[in-house]
Amino acid sequence: QGTMAEKILVTGGAGYIGSHCVLELVEAGYVPVVADNFHNAIRGADALPESLRRVQQIVRQPILFQELDITDEAALQELFSKHRFSAVMHFAGLKAVGESVQKPLEYYRVNLTGTIRLLETMKAHGVRNIVFSSSATVYGDPKYLPLDENHPVGGCTNPYGKSKYFIEEMIRDLCKAERDWNAVLLRYFNPTGAHESGMIGEDPQGIPNNLMPYVAQVAVGRREFLSVFGNDYKTDDGTGVRDYIHVVDLAKGHIAALKKLKENCGCKIYNLGTGTGYSVLQMVRAMEKASGREIKYKITGRREGDVASCYADPALAERELGWKAAFGLDKMCEDLWRWQLQNPTGF
């Protein structure tokens, strides 16, 4: 080929969303370079994370990987000296809401200083394009629904959400100060599902923090029952309503975001969601349908910091990124079930 394919640094690229994005990057003709410290990834053969070893099998080409912690300044410097990146996709960070309440300092250290070091290293090496993995948690308790990008942010109920909000603010300030920077901040709703090969998917270590991996583990017989936290919310069936998005749709949103950076867009913020909210019990029923198995559950008390309903207005992403979620609830559950069935104990 005439021009060298663009190299994209993917921090945290061995994780659930990262690995699916790496796959889409390759499919779209980019060369991803993955940096990951194995905090949320299992080691496979060839010193590679198992998730990326499988991505290699799917795309039938090698994936460049460097074991690295984003809080390690020297390692970042070395990596940026070795490669010429056209952009960075930043997924690396700690992400368990409950744990963040228990260990706030660790969350701020990893998420904030890790990002500051990454941005400093980017600046030093003249890389001024970033796609950042943010979260709908920055909206806090919804004042209105659906949540659009103008909804107030920062009323976060936990250190995890606050760390995402602070990073958004940091990147906004940086783009304001240095006009040649471009950033796309993506606020994820609830990613679920898996690549349709069933070879990569979400592999939570220990007890899952999110609903769908838990539901899938109950369906496959790895856990006895699901605890449903509260059935007295102001929703149709009393259980919490969330916007679930297929992880492959989410990954494709990142490819669209990379293209947006090319327009010298400055700092842009987009929701990645479907715009449809489903309750916990609707998700349980959909998973029963996909798996053909009964999913036992028990109603228990509400969890602290949980809101009744939360779903996106995805119109802006469609208008400005030309991106829209293509997969619905059945596809999410079918793909999640295929992954779970083929990998009953994860990677």
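This one's a predicted model, so the numbers in the text were calculated from it and none came from an experiment. (Residues numbered from 1 in each chain as written. Predicted model: local features only at pLDDT ≥ 70, side-chain atom pairs only at ≥ 80, totals over all residues. Heavy atoms only, no water.)

Quick notes on the UniProt feature "domain: NAD(P)-binding" (unreviewed entry) in the protein
We count it as follows: UniProt positions are given in the numbering used here, feature names are shortened, and annotations may be inferred rather than shown by experiment. In DSSP terms, a helix is any run of H or I states spanning at least four residues, a strand is any run of E spanning at least two, and both are numbered starting from the N terminus.
Within this structure's numbering, the places UniProt gives as "domain: NAD(P)-binding" (unreviewed entry) are residues 9-335. Counting secondary structure, residues 9-335 comes out at 39% helix and 19% strand; the distance between its end C-alpha atoms is 27 Å.

Points about helix α6 (residues 159-177)
Where we set the bar: What a helix should span is 1.5 Å times the count of its residues minus one. Accessible area is worked out with a 1.4 Å probe on protein chains only. A residue is then buried under 20% of its type maximum, exposed over 50%, and partly exposed in between. It only takes one pair of heavy atoms within 4.5 Å for two residues to be counted as in contact.
The terminal C-alpha atoms of α6 lie 27 Å apart, and with 19 residues this matches the ideal 27 Å at 1.5 Å per residue to within 8%. Residues of α6 that are buried include every one of Pro159, Tyr160, Gly161, Ser163, Lys164, Tyr165, Ile167, Glu168, Ile171, Leu174 and Cys175, and no others. On its buried face, α6 is in contact with α4 (97-102), α5 (104-124), β5 (129-135), β6 (182-188) and β10 (267-272).

So, the environment of glycine 15
Looking at the element boundaries, glycine 15 is found in the loop between β1 (7-11) and α1 (16-27). Expressed as a C-alpha distance, the spacing of glycine 15 and arginine 54, which sit 39 residues apart in the sequence, is 12 Å.

Here's the deal with the pattern of salt bridges
The test is simple: Here a salt bridge means any side-chain nitrogen of Lys or Arg lying within 4 Å of a carboxyl oxygen belonging to Asp or Glu.
Per the counting criterion, the structure on display carries 19 salt bridges. For glutamate 73, the salt bridge identified is with arginine 117, shortest N-O distance 3.6 Å. Taken together, the residues glutamate 73 in helix α3 (residues 73-82) and arginine 117 in helix α5 connect sequence positions 44 residues apart. Overall, glutamate 73 belongs to the partly exposed group, its relative accessible area being 40%. Exposure remark for arginine 117: the relative accessible area of 28% places this residue in the partly exposed category. Between lysine 103 and glutamate 99 there is a salt bridge, with its nearest N and O atoms 3.5 Å apart. Given the relative accessible area of 39%, lysine 103 is considered partly exposed.

Structural notes on the packing of α1 against helix α2 (residues 50-59)
Counted only if it meets this: Interaxial angle, 0 to 180 degrees, is taken between N-to-C directions of lines fitted to C-alpha atoms, where a helix line uses only the stretch in contact. By the definition adopted for this analysis, an angle is roughly parallel if under 35 degrees, roughly antiparallel if over 145, roughly perpendicular if from 65 to 115, and oblique otherwise. What makes a crossing left-handed is the near helix being turned counterclockwise from the far one by less than a right angle; a clockwise turn instead makes it right-handed.
With their axes 10 Å apart at the nearest point, α1 and α2 run at an angle of 25° to one another. Accordingly, the angle class assigned to the pair α1 and α2 is roughly parallel. In this structure, the crossing between α1 and α2 has a hand that is right-handed. Within the contact between the two elements, α1 uses Ser19, Val22, Leu23, Val26 and Glu27 and α2 uses Ser51, Leu52, Val55, Ile58 and Val59.

Thoughts on the packing of aromatic side chains
For any pair of aromatic rings, the description consists of the separation of the ring centres together with the inter-plane angle of the planes. This is how the line gets drawn: We call Phe, Tyr and Trp rings a pair once their centres come within 6.5 Å, taking the six-membered ring for Trp, and we label the pair stacked below 30 degrees between planes, edge-to-face above 60, and tilted otherwise. Charges are assigned to positions over rings by a cutoff of 6 Å between ring centre and Lys NZ or Arg CZ, combined with an angular limit of 35 degrees from the ring normal.
Summed over all chains, the structure comprises six aromatic pairs. Ring geometry for tyrosine 165 and phenylalanine 166: centres 5.9 Å apart, planes at 45°, overall tilted. Over the ring of phenylalanine 38 we find arginine 43, and its NZ or CZ is 3.8 Å from the ring centre. A cation sits over an aromatic face here: lysine 298 above phenylalanine 225, 4.0 Å from the ring centre.

Overview of the sheet that holds β6
For clarity, the threshold we go by: Think of it this way: DSSP has to see at least two bridges between two strands before they count as a pair.
Spatial strand order, β3-β2-β1-β4-β5-β6-β10: seven strands in an open sheet with parallel pairing. Unpaired on one side and paired on the other, β3 (64-67) and β10 mark the two borders of the sheet. Here the strands of the sheet are splayed against their neighbours by 20° on average, with no regard to which way each runs. Helix-sheet contacts for α3 involve β1, β2 (31-36), β3 and β4 (85-90), and the interaxial angle to β4 is about 140°. Against the sheet, α6 contacts β5, β6 and β10, and its axis sits at roughly 155° relative to β5.

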